[in-house]
Amino acid sequence: MTTANDGKIPVTVLTGYLGAGKTTLLNRILSENHGTRYAVIVNEFGEIGIDNDLLVESDEEIFEMNNGCICCTVRGDLIRTVENLMKRKGSFDAIVVETTGVADPAPVAQTFFMDDDVRDKAKLDAVVAVVDCRHVLQRLADTAEAEDQIAFADVVLLNKTDLVTAAELAAVEARIQSINPYARLHRTERCSIALDAVLNRGAFDLDRVLSLDPHFLEPAEHAHECGPDCDHDHGHDHDHGHHHHDHDHDHDHAHDAPHAVKSVSITAGELDPQVFFQWIGNVSQVQGPNILRLKGIMAFRDDPQRYVVQGVHMILEGDHQRDWKADEARESRLVVIGRDLDFAALETGFKACEA
Ligand SMILES: Nc1nc2c(ncn2[C@@H]2O[C@H](COP(=O)(O)OP(=O)(O)OP(=O)(O)O)[C@@H](O)[C@H]2O)c(=O)[nH]1
């Protein structure tokens, strides 16, 4: 594995509810022989770092932050920890941040967008959520954090498959896809998975994601990647029959509980950049608290390059990526995942940005 080609250190954020298997996955990352040197940042509740003691002995360095919950009080601490790490650049190739089981991963991810010094040197690679298949439906019923973690993830490990029946597993998978149709799902036992399915994903580098998987911004069927213990019917091609979804089917889920996380995928033609920036800025100000993730690719009128937008709550980031290819349709696509979002207004607003 290599670091991202712009020289920035890739950062993987590991989330998952208490006891889901984060430490188990981290131990795999630390013990497998993959040639990448990881610095690990472990966040702890309380004074005594227990998680740290549960980690295998390894040559990797483990940095602990025990100032409480990562989501509210220690973002500054995370910045300082990363900055200290950066002073010793060269001694490691990548960073993994393990968040506490009840934290909303968004502020952790935001740290990597917001702080200029951190942004210059480190780059969010992916948010990976570990899910306990046995308990996740219950957790989703009791807590918002469990849902946020799934909504936010780029990769979800459906872990502890040994503790559920095939039917239970299918129900869990369906529920997770209804929360986040864009995440890659992998079924695992004791987080057994090829690490390149988890690390160095470039999931926050939309351009790379789309070059690997042109259907990334389309939801549903293709999202499941079969792991070793997958009992999917392999008699068919997972990508078959992929068609463009009409956006208003995307949030037509069985779970219509109030405040449930839902997602929408909207397409439009070429946009007027001025109108778009004003609109999206306003969306993130007004609906930001409810937006868990926002991502999209814009085709601006008279602009030869694709423009990629990423958002986390009220933070928006955008950049030109590369030239549109001659055979690509100059189409704008936006995906929004969140709670209590006014999808009709999002669609009308997005379409109104058309040039
Ligand atoms: N049966 C079974 N047990 C598992 C599996 N994966 C992990 N465990 C066990 O589940 C327990 C919790 O795993 P951890 O990796 O410590 O979970 P964690 O997410 O780090 O937990 P916290 O630090 O409390 O948030 C441990 O006893 C693991 O051995 C699995 O696939 N199947």
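Note that the coordinates shown come from a computational prediction; the quantities given were computed from them, not determined experimentally.

## Here's the deal with the pairing of strand β6 (residues 155–159)
Across the five residues that make up β6, a large majority, five, are buried. Alternating residues of β6 divide into Val-155, Leu-157 and Asn-159 and Val-156 and Leu-158, and every residue in both groups is buried. Pairing analysis gives five bridges linking strand β5 (residues 122–132) to β6, with the strands arranged parallel. By the bridge assignment, Val-131 is partnered in β6 with Leu-158. In this structure, β6 lies alongside strand β7 (residues 184–187), joined through four bridges in parallel fashion. In the strand pairing of β7, Val-155 is matched with Arg-184. Between the parallel pair β6 and β7, the chain is carried across by helix α8 (residues 166–179), and the sense of this crossover is right-handed.

## Notes on the nonpolar core
Generally speaking, nonpolar side chains in soluble globular proteins are found buried as a group. Within the largest apolar cluster, 47 residues are counted, with the highest numbers of intra-cluster contacts made by Val-11, Ile-95, Val-97, Phe-112, Val-156 and Ile-176. Once residues lying within four places of it in the same chain are set aside, the contact partners of Phe-112 are Val-11, Leu-78, Val-82, Val-97, Val-118, Arg-119, Ala-122 and Leu-124.

## Looking at the site of the ligand
The immediate surroundings of the ligand are formed by 16 residues, with Lys-22, Thr-23, Thr-24, Asp-162 and Arg-190 found nearest. Here an oxygen atom of the ligand sits 2.9 Å away from a polar atom, N or O, in the main chain of Gly-21. One nitrogen or oxygen atom from the side chain of Asp-162 is found 2.8 Å from a nitrogen atom belonging to the ligand. Expressed as a share of its isolated accessible area of 660 Å², the protein-covered part of the ligand is 73%. Element by element, the count of residues in the shell around the ligand is highest for helix α1 (residues 22–31), at three residues. By residue class, the composition of the shell around the ligand is four nonpolar, five polar and seven charged.

## Things to note about the packing of helix α10 (residues 273–287) against helix α11 (residues 343–351)
The description of two helices packed together rests on the angle between their axes and the distance between the axes. α11 packs onto α10 with a crossing angle of 160° between their chain directions and a minimal axis gap of 10 Å. On the basis of their axis angle, the class for α10 and α11 is roughly antiparallel. For the crossing formed where α10 meets α11, the hand is right-handed. Facing α10, whose interface residues are Phe-276, Trp-279, Val-283 and Gln-287, α11 presents Leu-346, Gly-349 and Phe-350. Its residues placed into classes, the contact of α10 with α11 shows five nonpolar, two polar and no charged.

Procedures and definitions
Residues numbered from 1 in each chain as written. Predicted model: local features only at pLDDT ≥ 70, side-chain atom pairs only at ≥ 80, totals over all residues. Heavy atoms only, no water. Buried < 20%, exposed > 50% of the residue type's maximum accessible area, 1.4 Å probe, protein only. Helix = DSSP H or I, 4+ residues; strand = E, 2+ residues; numbered from the N terminus. Pairing = 2+ DSSP bridges. Right-handed = clockwise from strand over helix to strand, strands pointing away. Core = buried A, V, L, I, M, F, W, Y, C linked by side-chain atoms within 4.5 Å. Contact = heavy atoms within 4.5 Å. Near = heavy atom within 4 Å. Polar contact = N/O pair within 3.5 Å; in protein donor to acceptor, adjacent residues only side chain to side chain. Areas by Shrake-Rupley, 256 points an atom, 1.4 Å probe, with all protein chains shown as cover. Nonpolar A, V, L, I, M, F, W, Y, C, P; charged D, E, K, R; others polar. Axes fitted to C-alpha atoms, helices over the stretch in contact; angles between N-to-C directions. Parallel < 35°, antiparallel > 145°, perpendicular 65-115°, else oblique. Left-handed = near helix turned anticlockwise from the far one by under 90°.

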